[in-house]
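The residues making up each chain are set out below.
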Amino acid sequence: MSLPHVPGHEFAGEIAEIGSQVSRFALGERVTVPFVVGCGRCEWCRSGQAQVCPDQTQPGFTQAGSFAEQVAIGAADFNLVRLPDELDYVTQDMVIAIQRDEQKHRRLFEGFLRELCPDEVR
Ligand SMILES: [Zn+2]
């Protein structure tokens, strides 16, 4: 990461501009994105494992993040997630943070259990 840099990796917002290849979303829709933005084309992305996509980006790390006025998201049809109207932006960000930590902790916990009792955990 080179400085100056705009951090921020958990965010939600409204689509202000849209690329010519985006077909599933429209201007003004409320959306969020996962922590890792996959290319949407490779075998990892197509199998739902964008976190290991060799062509991934991470807003707030590899590009400007959510403290920027606007954040560009590649492969938007693949990466954007629509927000329900009843979910406000602050709650959405908290859900993402909690979900990410739960996934991380679950993987660590499952790995720990596999080492302790490999026949019990698959
Ligand atoms: Zn990919």
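Residues numbered from 1 in each chain as written. Predicted model: local features only at pLDDT ≥ 70, side-chain atom pairs only at ≥ 80, totals over all residues.

**Some points on the overall build of the protein**
Stated formally: Where helices and strands are cited, they refer to DSSP runs of H or I of at least four residues and of E of at least two residues respectively, numbered from the N terminus. In this scheme every C-beta is placed from the backbone, and a residue whose C-beta has 20 or more other C-beta atoms within 10 Å is buried, one with 12 or fewer is exposed, and one in between is partly exposed. By definition, residues are in contact whenever their C-beta atoms, placed on the basis of the backbone, come within 7 Å of each other.
Helix and strand counts for the protein stand at 3 helices and 3 strands. The order of α-helices and β-strands along the protein, N terminus first, is β-β-α-α-β-α. When each of the 122 residues of the protein is scored for burial, the buried share is 16%. Long-range pairs, those at least 24 residues apart, make up 54% of the contacts in the protein between residues at least 6 apart in sequence.

**Concerning the nonpolar core**
Selection rule: Structurally, a nonpolar core is described as a collection of buried Ala, Val, Leu, Ile, Met, Phe, Trp, Tyr and Cys residues joined by way of C-beta atoms within 7 Å.
Membership of the largest hydrophobic core is limited to 10 residues, which are Val 33, Val 36, Val 37, Cys 45, Ala 50, Cys 53, Val 71, Ile 73, Ala 75 and Ala 76. Once residues within four sequence positions are removed from consideration, Val 36 is found in contact with Ala 50, Gln 51, Cys 53, Gln 56 and Gln 58.

**Topic: the environment of Thr 57**
Its location among the elements puts Thr 57 in the loop between α1 (43–46) and α2 (76–79). Once the C-alpha coordinates of Thr 57 and Cys 39 are considered, the two residues, 18 residues apart in sequence, prove to be 8.2 Å apart. Excluding its chain neighbours within four sequence positions, the residues that come into contact with Thr 57 are Val 37, Thr 62, Gln 63 and Gly 74.

**Some details on unusual backbone geometry**
Here the amide bond leading from Leu 3 into Pro 4 is cis, since omega sits at 0 degrees, within 30 degrees of zero. Note on placement: Pro 4 falls in the segment before β1 (12–14). Of note, the phi angle at Ala 75 is positive, near 45 degrees, even though the residue is not glycine. When you line up the elements, Ala 75 lands in the loop between α1 and α2. On the basis of neighbour count, Ala 75 is assigned to the buried category, with 21 C-beta atoms found within 10 Å.

**Comments concerning the sheet that holds strand β3 (residues 81–82)**
Keep this limit in mind: In this scheme, strands are said to pair when DSSP sees at least two bridges between them.
Taken in spatial order, the 3 strands make up an open sheet running β1-β2-β3, and their pairing is antiparallel. Looking at which strands have only one partner, the edges of the open sheet turn out to be β1 and β3. Note: β1 against strand β2 (residues 30–32), 3 bridges, orientation antiparallel. Across the sheet, residue Ala 12 finds its bridge partner in β2, namely Thr 32.

**What to know about the environment of Asp 85**
Mapping Asp 85 onto the fold places it in the loop between β3 and α3 (89–116). With 56 residues separating them in the primary sequence, Asp 85 and Glu 29 have C-alpha atoms 9.8 Å apart.

**A few points about the environment of Gln 49**
Its location among the elements puts Gln 49 in the loop between α1 and α2. For the pair Gln 49 and Val 36, spaced 13 residues apart in the sequence, the C-alpha separation amounts to 9.9 Å.

So far we have only geometry, and geometry alone does not tell us how the molecule works.
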